[in-house]
Protein chains: 2
Amino acid sequence: MKLISYGKHRRAAEKGMEEGTGIVKHILLGKFKDGLSEEQIEEYIKGYASLVNLVPSMKAFRWGKDVSIENMHQGFTHVFESTFESTEGIAEYLTHPDHIKFANMLLPQLEKVIVVDYKPTAVQL
Amino acid sequence: MKLISYGKHRRAAEKGMEEGTGIVKHILLGKFKDGLSEEQIEEYIKGYASLVNLVPSMKAFRWGKDVSIENMHQGFTHVFESTFESTEGIAEYLTHPDHIKFANMLLPQLEKVIVVDYKPTAVQL
(Lines give C-alpha, C1' and ligand atoms only; values in the text may rest on other atoms or scores of the structure.)
Protein backbone atom coordinates (compact mmCIF):
# COMPACT_ATOMS: atom_id res chain seq x y z
CA MET A 1 0.00 0.00 0.00
CA LYS A 2 2.83 2.34 0.87
CA LEU A 3 4.48 1.86 -2.50
CA ILE A 4 1.23 2.42 -4.38
CA SER A 5 0.58 5.61 -2.41
CA TYR A 6 4.06 6.82 -3.14
CA GLY A 7 3.60 6.05 -6.82
CA LYS A 8 0.36 8.04 -6.99
CA HIS A 9 1.96 10.86 -5.07
CA ARG A 10 4.89 10.99 -7.48
CA ARG A 11 2.70 10.81 -10.57
CA ALA A 12 0.61 13.70 -9.25
CA ALA A 13 3.76 15.74 -8.59
CA GLU A 14 5.10 15.05 -12.08
CA LYS A 15 1.85 16.29 -13.55
CA GLY A 16 1.94 19.42 -11.42
CA MET A 17 -1.20 18.30 -9.60
CA GLU A 18 0.37 18.26 -6.15
CA GLU A 19 -2.04 19.40 -3.48
CA GLY A 20 -0.89 22.54 -1.70
CA THR A 21 0.78 22.23 1.65
CA GLY A 22 0.11 25.86 2.51
CA ILE A 23 -3.05 27.65 3.55
CA VAL A 24 -6.47 26.07 3.88
CA LYS A 25 -9.64 27.84 2.81
CA HIS A 26 -12.81 27.26 4.82
CA ILE A 27 -15.79 28.17 2.65
CA LEU A 28 -19.34 28.43 3.96
CA LEU A 29 -22.16 28.82 1.46
CA GLY A 30 -25.35 29.99 3.09
CA LYS A 31 -28.88 31.02 2.38
CA PHE A 32 -30.45 33.10 5.12
CA LYS A 33 -34.01 32.31 6.13
CA ASP A 34 -36.73 34.56 4.78
CA GLY A 35 -37.74 37.32 7.14
CA LEU A 36 -34.30 38.45 8.23
CA SER A 37 -33.67 42.12 7.55
CA GLU A 38 -30.57 43.40 5.75
CA GLU A 39 -29.49 44.92 9.06
CA GLN A 40 -29.78 41.58 10.86
CA ILE A 41 -27.79 39.87 8.11
CA GLU A 42 -25.11 42.58 8.36
CA GLU A 43 -24.85 41.93 12.10
CA TYR A 44 -24.26 38.22 11.47
CA ILE A 45 -21.59 39.02 8.90
CA LYS A 46 -19.91 41.35 11.35
CA GLY A 47 -20.09 38.69 14.05
CA TYR A 48 -18.50 36.18 11.68
CA ALA A 49 -15.74 38.64 10.78
CA SER A 50 -15.05 39.40 14.44
CA LEU A 51 -13.96 35.78 14.97
CA VAL A 52 -10.65 36.75 13.31
CA ASN A 53 -9.87 38.75 16.47
CA LEU A 54 -11.05 36.03 18.83
CA VAL A 55 -9.71 32.80 17.31
CA PRO A 56 -5.90 32.85 16.89
CA SER A 57 -5.81 30.19 14.15
CA MET A 58 -8.22 32.15 11.89
CA LYS A 59 -6.01 34.36 9.76
CA ALA A 60 -8.42 36.16 7.41
CA PHE A 61 -12.09 36.54 6.57
CA ARG A 62 -13.78 37.68 3.38
CA TRP A 63 -17.40 37.44 2.32
CA GLY A 64 -19.59 38.30 -0.63
CA LYS A 65 -23.10 37.97 -1.93
CA ASP A 66 -23.68 35.56 -4.79
CA VAL A 67 -23.48 37.53 -8.04
CA SER A 68 -23.52 34.57 -10.43
CA ILE A 69 -25.56 34.68 -13.63
CA GLU A 70 -25.57 30.97 -14.52
CA ASN A 71 -28.34 30.00 -12.12
CA MET A 72 -26.27 27.10 -10.80
CA HIS A 73 -26.04 28.56 -7.28
CA GLN A 74 -29.02 26.55 -6.01
CA GLY A 75 -30.39 29.41 -4.01
CA PHE A 76 -27.25 30.13 -1.98
CA THR A 77 -26.98 33.86 -1.41
CA HIS A 78 -23.80 34.37 0.64
CA VAL A 79 -20.23 33.08 0.59
CA PHE A 80 -18.03 33.29 3.70
CA GLU A 81 -14.35 32.57 3.13
CA SER A 82 -12.00 32.07 6.09
CA THR A 83 -8.29 31.36 5.79
CA PHE A 84 -6.22 29.11 8.04
CA GLU A 85 -2.58 28.06 7.94
CA SER A 86 -3.36 24.37 8.39
CA THR A 87 -6.18 21.87 8.79
CA GLU A 88 -5.15 21.71 12.47
CA GLY A 89 -5.92 25.44 12.65
CA ILE A 90 -9.45 24.70 11.41
CA ALA A 91 -9.85 21.99 14.05
CA GLU A 92 -8.80 24.53 16.71
CA TYR A 93 -11.32 27.03 15.30
CA LEU A 94 -14.16 24.51 15.32
CA THR A 95 -13.68 23.78 19.00
CA HIS A 96 -12.97 27.38 20.07
CA PRO A 97 -15.70 28.64 22.47
CA ASP A 98 -16.17 31.92 20.55
CA HIS A 99 -16.71 30.02 17.30
CA ILE A 100 -19.12 27.60 18.94
CA LYS A 101 -21.08 30.50 20.45
CA PHE A 102 -21.29 32.27 17.08
CA ALA A 103 -22.13 29.10 15.12
CA ASN A 104 -24.98 28.40 17.54
CA MET A 105 -26.40 31.84 16.70
CA LEU A 106 -25.75 31.76 12.94
CA LEU A 107 -26.77 28.26 11.93
CA PRO A 108 -30.43 28.55 13.04
CA GLN A 109 -30.70 31.63 10.77
CA LEU A 110 -29.69 29.66 7.68
CA GLU A 111 -32.15 27.78 5.52
CA LYS A 112 -29.32 26.06 3.67
CA VAL A 113 -25.63 25.69 4.44
CA ILE A 114 -22.64 23.89 2.93
CA VAL A 115 -19.14 24.02 4.37
CA VAL A 116 -16.04 22.84 2.49
CA ASP A 117 -12.36 23.16 3.32
CA TYR A 118 -9.66 22.90 0.67
CA LYS A 119 -5.99 23.66 0.08
CA PRO A 120 -5.87 25.99 -2.93
CA THR A 121 -3.48 24.34 -5.37
CA ALA A 122 -2.13 25.53 -8.70
CA VAL A 123 -1.76 23.23 -11.70
CA GLN A 124 1.54 23.32 -13.61
CA LEU A 125 0.51 23.22 -17.27
CA MET B 1 -35.57 54.26 -5.38
CA LYS B 2 -32.28 55.94 -6.14
CA LEU B 3 -32.26 57.71 -2.79
CA ILE B 4 -33.12 54.54 -0.92
CA SER B 5 -30.39 52.63 -2.72
CA TYR B 6 -27.93 55.38 -1.95
CA GLY B 7 -28.93 55.34 1.68
CA LYS B 8 -28.41 51.60 1.98
CA HIS B 9 -25.14 51.92 0.16
CA ARG B 10 -23.93 54.63 2.51
CA ARG B 11 -25.03 52.76 5.61
CA ALA B 12 -23.15 49.68 4.45
CA ALA B 13 -20.04 51.76 3.76
CA GLU B 14 -20.19 53.36 7.21
CA LYS B 15 -20.29 49.94 8.78
CA GLY B 16 -17.33 48.77 6.71
CA MET B 17 -19.58 46.25 4.93
CA GLU B 18 -19.02 47.69 1.47
CA GLU B 19 -18.93 44.98 -1.17
CA GLY B 20 -15.60 44.76 -2.94
CA THR B 21 -15.24 46.44 -6.29
CA GLY B 22 -12.16 44.39 -7.17
CA ILE B 23 -11.78 40.77 -8.18
CA VAL B 24 -14.59 38.27 -8.46
CA LYS B 25 -14.21 34.66 -7.38
CA HIS B 26 -16.00 31.98 -9.37
CA ILE B 27 -16.33 28.88 -7.17
CA LEU B 28 -17.50 25.51 -8.46
CA LEU B 29 -18.22 22.79 -5.94
CA GLY B 30 -18.41 19.38 -7.56
CA LYS B 31 -18.85 15.73 -6.81
CA PHE B 32 -17.55 13.44 -9.56
CA LYS B 33 -19.69 10.49 -10.53
CA ASP B 34 -18.69 7.10 -9.18
CA GLY B 35 -16.57 5.07 -11.55
CA LEU B 36 -14.18 7.79 -12.68
CA SER B 37 -10.54 6.91 -12.02
CA GLU B 38 -8.15 9.27 -10.24
CA GLU B 39 -6.35 9.67 -13.58
CA GLN B 40 -9.56 10.72 -15.36
CA ILE B 41 -10.32 13.23 -12.61
CA GLU B 42 -6.76 14.61 -12.91
CA GLU B 43 -7.29 15.10 -16.64
CA TYR B 44 -10.48 17.10 -15.98
CA ILE B 45 -8.68 19.25 -13.42
CA LYS B 46 -5.87 19.86 -15.92
CA GLY B 47 -8.42 20.74 -18.59
CA TYR B 48 -10.10 23.20 -16.23
CA ALA B 49 -6.73 24.78 -15.36
CA SER B 50 -5.79 25.09 -19.04
CA LEU B 51 -8.70 27.52 -19.55
CA VAL B 52 -6.47 30.17 -17.92
CA ASN B 53 -4.35 30.10 -21.09
CA LEU B 54 -7.35 30.06 -23.42
CA VAL B 55 -9.78 32.57 -21.90
CA PRO B 56 -8.24 36.07 -21.51
CA SER B 57 -10.63 37.20 -18.76
CA MET B 58 -9.75 34.22 -16.51
CA LYS B 59 -6.84 35.38 -14.39
CA ALA B 60 -6.10 32.48 -12.04
CA PHE B 61 -7.19 28.96 -11.15
CA ARG B 62 -6.78 26.96 -7.97
CA TRP B 63 -8.42 23.75 -6.88
CA GLY B 64 -8.48 21.41 -3.92
CA LYS B 65 -10.16 18.32 -2.58
CA ASP B 66 -12.57 18.77 0.28
CA VAL B 67 -10.63 18.18 3.52
CA SER B 68 -13.36 19.32 5.93
CA ILE B 69 -14.03 17.43 9.15
CA GLU B 70 -17.44 18.89 10.06
CA ASN B 71 -19.46 16.71 7.69
CA MET B 72 -21.32 19.74 6.35
CA HIS B 73 -19.91 19.36 2.83
CA GLN B 74 -22.94 17.41 1.61
CA GLY B 75 -20.86 15.00 -0.41
CA PHE B 76 -18.98 17.60 -2.46
CA THR B 77 -15.44 16.37 -3.06
CA HIS B 78 -13.75 19.09 -5.13
CA VAL B 79 -13.54 22.88 -5.10
CA PHE B 80 -12.50 24.79 -8.24
CA GLU B 81 -11.71 28.46 -7.70
CA SER B 82 -11.26 30.79 -10.67
CA THR B 83 -10.46 34.50 -10.40
CA PHE B 84 -11.73 37.28 -12.66
CA GLU B 85 -11.27 41.02 -12.57
CA SER B 86 -14.97 41.77 -12.98
CA THR B 87 -18.38 40.16 -13.36
CA GLU B 88 -18.14 41.16 -17.05
CA GLY B 89 -15.02 38.98 -17.24
CA ILE B 90 -17.07 36.03 -15.97
CA ALA B 91 -19.75 36.71 -18.59
CA GLU B 92 -17.01 36.66 -21.27
CA TYR B 93 -15.70 33.39 -19.86
CA LEU B 94 -19.13 31.76 -19.84
CA THR B 95 -19.64 32.47 -23.54
CA HIS B 96 -16.05 31.71 -24.61
CA PRO B 97 -15.99 28.70 -27.00
CA ASP B 98 -13.16 26.98 -25.10
CA HIS B 99 -15.08 27.26 -21.84
CA ILE B 100 -18.27 25.97 -23.43
CA LYS B 101 -16.39 23.02 -24.95
CA PHE B 102 -14.83 22.16 -21.59
CA ALA B 103 -18.05 22.64 -19.61
CA ASN B 104 -19.83 20.29 -21.98
CA MET B 105 -17.21 17.64 -21.16
CA LEU B 106 -17.00 18.27 -17.39
CA LEU B 107 -20.62 18.73 -16.36
CA PRO B 108 -21.81 15.24 -17.45
CA GLN B 109 -19.07 13.77 -15.20
CA LEU B 110 -20.46 15.48 -12.10
CA GLU B 111 -23.13 13.98 -9.90
CA LYS B 112 -23.58 17.28 -8.08
CA VAL B 113 -22.49 20.80 -8.87
CA ILE B 114 -22.95 24.27 -7.38
CA VAL B 115 -21.46 27.44 -8.86
CA VAL B 116 -21.32 30.74 -6.99
CA ASP B 117 -19.57 34.00 -7.85
CA TYR B 118 -18.73 36.60 -5.21
CA LYS B 119 -16.58 39.67 -4.66
CA PRO B 120 -14.37 38.88 -1.66
CA THR B 121 -14.93 41.75 0.77
CA ALA B 122 -13.28 42.54 4.08
CA VAL B 123 -15.23 43.81 7.09
CA GLN B 124 -13.87 46.81 8.97
CA LEU B 125 -14.31 45.93 12.63
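Above: the structure in question.
Notes on the structure in this doc start here. (Residues numbered from 1 in each chain as written. Chains lettered and ligands numbered in written order. Predicted model: local features only at pLDDT ≥ 70, side-chain atom pairs only at ≥ 80, totals over all residues. Heavy atoms only, no water.)

The next point concerns the pairing of strand β1 (residues 24-32) of chain B. Each regular strand displays side chains that alternate between the two surfaces of the sheet. Residues and elements named next belong to chain B. Most of β1 is tucked away, with nine of its nine residues classed as buried. Across the two faces of β1 the burial is the same, with Val24, His26, Leu28, Gly30 and Phe32 and Lys25, Ile27, Leu29 and Lys31 all buried. Here β1 runs beside strand β3 (residues 78-84); their pairing, made up of seven bridges, is antiparallel. When the sheet's bridge partners are listed, glycine 30 is paired in β3 with histidine 78. Pairing between β1 and strand β4 (residues 110-118): eight bridges, direction antiparallel. Residue pairing in the sheet places histidine 26 in a bridge with aspartate 117 of β4. (Buried < 20%, exposed > 50% of the residue type's maximum accessible area, 1.4 Å probe, protein only. Helix = DSSP H or I, 4+ residues; strand = E, 2+ residues; numbered from the N terminus. Pairing = 2+ DSSP bridges.)

The two chain copies are connected by a rotation around an axis plus a translation along it. The transform that puts chain B on chain A rotates by 180° and translates by 0.0 Å along the axis, for an RMSD of 0.0 Å. Interpreted geometrically, this transformation is the action of a two-fold axis. Looking at chain B, 100% of its interface residues are interface residues in chain A too, so the copies touch through the same face. (Least-squares fit on C-alpha atoms with pLDDT ≥ 70 in both. Contact = heavy atoms within 4.5 Å.)

Residues and elements named next belong to chain A. In this structure the tally under the stated criterion is six salt bridges over all chains. Taking the shortest distance from any N to any O, the salt bridge between lysine 65 and glutamate 38 comes out at 3.7 Å. A residue pair is termed long-range when its members are at least 10 positions apart, and lysine 65 in strand β2 (residues 58-65) and glutamate 38 in helix α2 (residues 38-54) qualify at 27 residues. (Salt bridge = Lys/Arg side-chain N within 4 Å of Asp/Glu carboxyl O.)

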